[in-house]
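Listed below are the residues making up each chain.
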Amino acid sequence: MRYRNRYRWRRRARRPTQDACGGFPSTAIILQFVLSFGVWIAAERLGLSAVLTMVCFAVTLKRTRRRPMAARMRIATNAVWSAVVFALNILAFIFIGLQVRPILGGLDRAELHLYLGVTGAVLATAIGVRLAWHMSFNAVLRWRHRRWGYHPPRPLMRPTVGTGLVLSWAGMRGIVTLAAALALPAAFPQRDLILFAAFGVVLGTLVVQGLTLKALLRMLRLRDDDPVGRETGAARERAYQAGLASLTDVQSPDADKVREKLRTLLVSPEADDDAAEDAADGAARQRALYRQALGAAREAIQAMRDEDEIGDDAFLQIEQDLDWREMAIGGAARAGRPAPAPRPEALAGAGPGQPAPP
């Protein structure tokens, strides 16, 4: 008995750690912040570029993470990090402005002309290099398509000179440039000039390219066929079809109700919220079947993304829809894999005059 109680106590003690990424969103968010700052501090201690280290860390984590994330944890973390990124963009411009002002105050006329000349040269180089790179790549793509044909894995706009010009001109700089400049140590040679040039490049690209991009689009007369919308529609249809297929072997009144809701969503995606609310008000068996269908839908859109049938924008939009639908029915299933199938005796439903199984 003493050993059993001790084992139960250890299992309960380990549970918060094991479920940090799914059972406790607040704990997982704190761990994400601690890990992010830890990587930044370690990079600075090792004499590495903290900004580039964080970029490499994020890319590596995204490509190597295989453990599925719970829907409620993903919704919470996305909301928190969106607010954090918005606040950091504001703070970065504030900090760079606070540092540029004393730099300007300490320059004489000759040094000011030198700083402005260097900033203009860096701005012209940044725009010119991006223009040369994108137009060269665009020319190679158009040559390849003329020779072997254009067969994209998903609906994409065919590369043209106009699309190459738009992509080349849409190279506005932002938070990464400012963060890289602010991360330089105070004793770094010509740090003031680098900060001034970074601020000038960001301001120049936002003003010059940002304000003229709309006029460029009108001049080139490029039409948007809404490829993301088409991908989203195809992914939603594939997801709901996969959900229906997952309930093929289940025959019960609750399964019929879930199938009816999924067929309604196939015809009218606007009925999404009503279907989720109906499932939330239904019996436990119905909610379990709905979670099972959502799990199959997640696997379907993940396969489409892995096979490059849809892009990240469409995938994230459908994933967010599935997350909110799972939250609406009180979903506790892990996102990215189907919920465990209900027991056969629960799926059979209650017979006439018999109470429903627990």
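The rules behind these values
Residues numbered from 1 in each chain as written. Predicted model: local features only at pLDDT ≥ 70, side-chain atom pairs only at ≥ 80, totals over all residues. Heavy atoms only, no water. Salt bridge = Lys/Arg side-chain N within 4 Å of Asp/Glu carboxyl O. Helix = DSSP H or I, 4+ residues; strand = E, 2+ residues; numbered from the N terminus. Buried < 20%, exposed > 50% of the residue type's maximum accessible area, 1.4 Å probe, protein only. Core = buried A, V, L, I, M, F, W, Y, C linked by side-chain atoms within 4.5 Å.

Chemist: Requested: an account of the pattern of salt bridges, with residues and values cited.
Modeler: In this structure the tally under the stated criterion is eight salt bridges. In this structure, Arg259 engages Asp256 in a salt bridge whose closest nitrogen and oxygen atoms are separated by 2.6 Å. Of this pair, Arg259 and Asp256 both sit in helix H10 (residues 253-267), three residues apart, which is roughly one turn of that helix. Looking at Asp256, the relative accessible area reads 40%, which means it is partly exposed. Among the ionic pairs, Glu326 bridges to Arg298, the shortest N-O distance being 2.9 Å. Separated by 28 residues along the polypeptide, Glu326 in helix H13 (residues 312-328) and Arg298 in helix H12 (residues 284-306) bring together distant segments of the chain. You'll find Glu326 and Arg298 in the same group, each marked buried. Residues joined by salt bridges that share partners form a network here, namely Arg74, Arg298, Glu319, Asp323 and Glu326.

Chemist: So what's going on with the nonpolar core? Which residues, and what values?
Modeler: Formed by 23 residues in total, the largest nonpolar core has its most connected members in Leu262, Tyr290 and Ile301. Within the residue set of this core, elements represented by two or more residues are helix H9 (227-246), H10, H12 and H13. Top contributing element to this core by residue count: H12, with seven residues.

So, to be careful, I would describe these as geometric facts and stop short of saying anything about function.
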